[in-house]
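Geometric and topological summary
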Amino acid sequence: LGHGRTLQSVAAESRVTAASLPTVLVVAAALIDVDGRVLIAKRPQGKTLAGLWEFPGGKVEPGERPEQALIRELKEELGIDVSENCLSPFVFASHAYDSFHLLMPLYLCRRWDGVVTAREHDGLAWVKPSKLSDYPMPPADEPLVAWLRDLL
Ligand code: 523
């Protein structure tokens, strides 16, 4: 700490750095089947966080409502139709990645039409809540597991 930098000024600088990250709104779903298992999906090679198991979802595009964005993503990624009144917001993740801050509500979804199919992921798994922690996840998703375990 030379050059007149105090502990306080270093702390202030790091707060400025953290605050200047853009916040990106991503929506995600916990699909829950009749046996109480939860769907997670493996991020494909070539994307950020490849190989990690995520709650499926994606970015909210400009002009979209979050629920619309999630319905669109679930159709694109999993081939299923979800109606908006079946989506209930549950908890949200808030995580600072290197270049942006991710804010991600997780919606519970117990009803959908169609067969869940991996259209964009490298794999799908239906997992008992107690076993979710066996799967490596993006850091934003990890804290959501404990919430789901408590709920289900
Ligand atoms: N996450 C995340 N967890 C999670 C999702 C759906 C997304 O941490 N359950 C992160 C991963 C990406 C960002 O949110 O950094 C946007 O997600 P997505 O799936 O739209 O990412 P990409 O890889 O399609 O978009 P780019 O990062 O822009 O390439």
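About the cut-offs
- Numbering of residues starts from 1 in every chain and runs along the sequence as written.
- For this predicted model, a pLDDT threshold of at least 70 governs which residues receive local features, and a threshold of 80 or more governs which side-chain atom pairs are given and counted, while totals over whole chains, interfaces and linings are taken from all residues.
- Remark: hydrogens and water are excluded; side-chain values derive from all non-hydrogen atoms of the structure.
- Working definition: helices are DSSP H or I runs of at least four residues, strands are E runs of at least two. Numbering for both runs from the N terminus.
- Buried means the residue's accessible area, taken with a 1.4 Å probe over protein chains only, is under 20% of the maximum for its type, while exposed means over 50%, and partly exposed covers the values in between.
- For this analysis, residues touch if any pair of their heavy atoms sits within 4.5 Å.
- All accessibility values rest on the Shrake-Rupley procedure with a 1.4 Å probe; residue burial counts only the protein chains present in the view.
- Disulfides are defined in this document as cysteine sulfur pairs within 2.5 Å.
- We define proximity as follows: a residue is near a molecule or strand when any one of its heavy atoms falls within 4 Å of that partner.
- Within 3.5 Å is the distance limit for a polar contact, defined as a pair of N or O atoms, with the added protein rule that one can donate a hydrogen and the other accept it, and that residues adjacent in sequence qualify only through two side-chain atoms.
- Gly is put with the polar residues, along with every residue not named as nonpolar or charged; the nonpolar set is Ala, Val, Leu, Ile, Met, Phe, Trp, Tyr, Cys and Pro, and the charged set is Asp, Glu, Lys and Arg.
- Definitions used throughout: a 1 Å grid over protein atoms alone; a cavity as a set of points that fits a 1.4 Å probe which cannot get out; a pocket as an open set with protein on both sides within 12 Å along at least five of seven lines; a lining residue as one with an atom within 4 Å of a point.
- Grid points are joined across faces, edges and corners, and a volume is the space filled by probe spheres set on the points.
- Directions drawn from the helix axis to the C-beta atoms are what define this arc.
- Strands are treated as partners if at least two bridges between them are detected by DSSP.

**Some remarks on the overall build of the protein**
Within the protein, the regular secondary structure consists of three helices and seven strands. Within the protein, the fraction of its 152 residues that count as buried is 40%. Considering only intrachain contacts with a sequence separation of at least 6, the fraction spanning at least 24 residues in the protein is 66%. As displayed, the protein has an accessible area near 8600 Å², and 54% of this comes from carbon and sulfur atoms.

**Observations regarding the state of the cysteines**
Defined simply, a disulfide is a covalent bond joining two cysteines at their sulfur atoms. For the structure on display, the rule yields zero disulfides. The thiol of C86 is unpaired, and the distance to the nearest cysteine sulfur, on C109, comes to 6.3 Å. Assessed through its relative accessible area of 18%, C86 is described here as buried.

**Some thoughts on the site of the ligand**
Neighbouring residues of the ligand: 17 residues in total, closest K47, F55, K59, Y97 and D141. One nitrogen or oxygen atom from the side chain of K59 is found 2.4 Å from an oxygen atom belonging to the ligand. Contact with the protein chains hides 81% of the accessible area of the ligand, taken as 580 Å² for the molecule alone. Among the elements of the structure, β4 (57-59) and β6 (101-109) are those that each provide at least two residues to the shell around the ligand. By residue number, the principal contributor to the shell around the ligand is β4, which donates three residues. The class makeup of the residues in the shell around the ligand is nine nonpolar, three polar and five charged.

**Observations regarding the layout of surface pockets**
Where empty space is left becomes clear once a probe the size of a water molecule has been rolled over the atoms. Approximately 520 Å³ is the volume found for the largest pocket. In this structure, the largest pocket is lined by 23 residues; those nearest its centre are V26, R43, T48, E54 and K59. Among the secondary structure elements, those contributing two or more residues to the lining of the largest pocket are β1 (23-31), β4, α2 (66-78) and β6. Here the lining of the largest pocket gets three residues from one element, more than from any other, and that element is β4. Among the residues making up the lining of the largest pocket, the classes are represented as eleven nonpolar, four polar and eight charged.

**So, helix α3 (residues 142-151)**
Buried residues of α3: L144, V145 and L148, and no others. All buried residues of α3 lie within an arc of 110° about the axis, which places them on one face of the element. Those residues of α3 that are buried are in contact with β1, β2 (38-42), β5 (87-96) and β6.

**Quick notes on unusual backbone geometry**
Even without being glycine, L49 reaches a positive phi, approximately 60°. You can see L49 is positioned in the loop between β2 and β3 (53-54).

**Focus: the sheet that holds β2**
Read across the sheet, three strands follow the order β3-β2-β7 without closing on themselves; strand pairing throughout is antiparallel. In the strand order of this sheet, the two ends are held by β3 and β7 (123-127), each with one partner.

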